[in-house]
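Analysis of the macromolecular model
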Amino acid sequence: MNRIEFMTELASLLQDIPVEERKDAMQYYNDYFDDAGEEQEQQVIEELESPAKVAEKIKADMAGFREEETKPNMPATKEQTRQQGEQRQSQTGQQNYQQTPPPGQHSQPKSDRTLKIILIIALILLALPILLPLGAGLLCLALGIVISLFAVFLGLVIAAVVVVITGVALFISGLLCLVPDLAVGFALMGIGLILTVVGVAASVAAVKLCAVAIPGICRGIVWICRRPFERRAV
């Protein structure tokens, strides 16, 4: 049985008492559970034993209170005095139990938290002279690697374009040499065609490589930058 089931059954057992008194009783035991906390819920239920016994006690207390109001003031007997003493002790024990926080819920002194904050700030200040140069060095290294990769890709594209231009130039030179020297002209034209085809193929491959590699490098840089700020699952 949990707290909700306990309080629901208790409310159903108190349907035959006045509304105000039922509300007061339900509020009292709700506060009792709240003060004990979720960790002590089962302990409170075991202490109260059952909703039926709690309802019986509430009704008995109400009946006794009404009898005391209707009876004239008479000296209390020894038995009544003993019962009243036991009730007062029980109420005092319940109040002490409510005021005592459950294990593990003791509030940490403010001085300890302040000391921890001061220590953390001191450690950060001591580590700054080391962390700042180290971070700047790593950042410069990363930027150097990225710039080098971009330079390599750009160099490949430029080299392929140069090969194409060289091939076209040789082909044109071969056309111009056909009249004085036919063999040299055909040789230059053939070399020019080969270089042009190779240059065009290299240009296409370099462009495709850049189209694939550059976005991948950018995504990798973004992932690395976001990684320290992501929450790690516990």
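Residues numbered from 1 in each chain as written. Predicted model: local features only at pLDDT ≥ 70, side-chain atom pairs only at ≥ 80, totals over all residues. Heavy atoms only, no water.

**Notes on the overall build of the protein**
- Scanning the protein from terminus to terminus reveals seven helices and zero strands.
- Listed N to C, the secondary structure of the protein is α-α-α-α-α-α-α in terms of helices and strands.
- Going through the 234 residues of the protein one by one, you find that 18% of them count as buried.
- Nonlocal contacts in the protein, meaning residues at least 24 apart in sequence, comprise 68% of its contacts between residues at least 6 apart.
- A total accessible area of about 17600 Å² is found for the protein, and carbon and sulfur atoms account for 67% of it. (Helix = DSSP H or I, 4+ residues; strand = E, 2+ residues; numbered from the N terminus. Buried < 20%, exposed > 50% of the residue type's maximum accessible area, 1.4 Å probe, protein only. Contact = heavy atoms within 4.5 Å. Areas by Shrake-Rupley, 256 points an atom, 1.4 Å probe, with all protein chains shown as cover.)

**What about the environment of C210?**
- As for its placement among the helices and strands, C210 is situated in helix α7 (residues 182–226).
- Taking the C-alpha atoms as reference, C210 lies 8.3 Å from L154; in sequence the two are 56 residues apart.
- If we ignore the near neighbours within four places in the chain, the residues touching C210 are F153, V157 and P215.

**Points about the nonpolar core**
- Membership of the largest hydrophobic core comes to 18 residues, with the highest contact counts inside it found for L14 and L48.
- Broken down by secondary-structure element, the contributors of at least two residues to this core are α1 (3–13), α2 (19–36), α3 (41–48) and α4 (51–70).
- Setting aside chain neighbours within four positions, we find L48 in contact with F6, Y29, Y32, F33, K53 and V54. (Core = buried A, V, L, I, M, F, W, Y, C linked by side-chain atoms within 4.5 Å.)

**Description of the confidence of the model for the protein**
- Here the protein averages 76 in pLDDT, and 76% of its residues register 70 or above.
- Ranking the elements of the protein by mean pLDDT puts helix α5 (residues 78–99) last with 56 and helix α6 (residues 110–176) first with 85.
- Every residue in residues 71–78 is under pLDDT 50, and counting partners more than four places away or in other chains gives one contact.
- In the predicted structure, residues 102–108 sits below a pLDDT of 50 and forms nine contacts with residues beyond four places in sequence or in another chain. (pLDDT = per-residue confidence, 0-100.)

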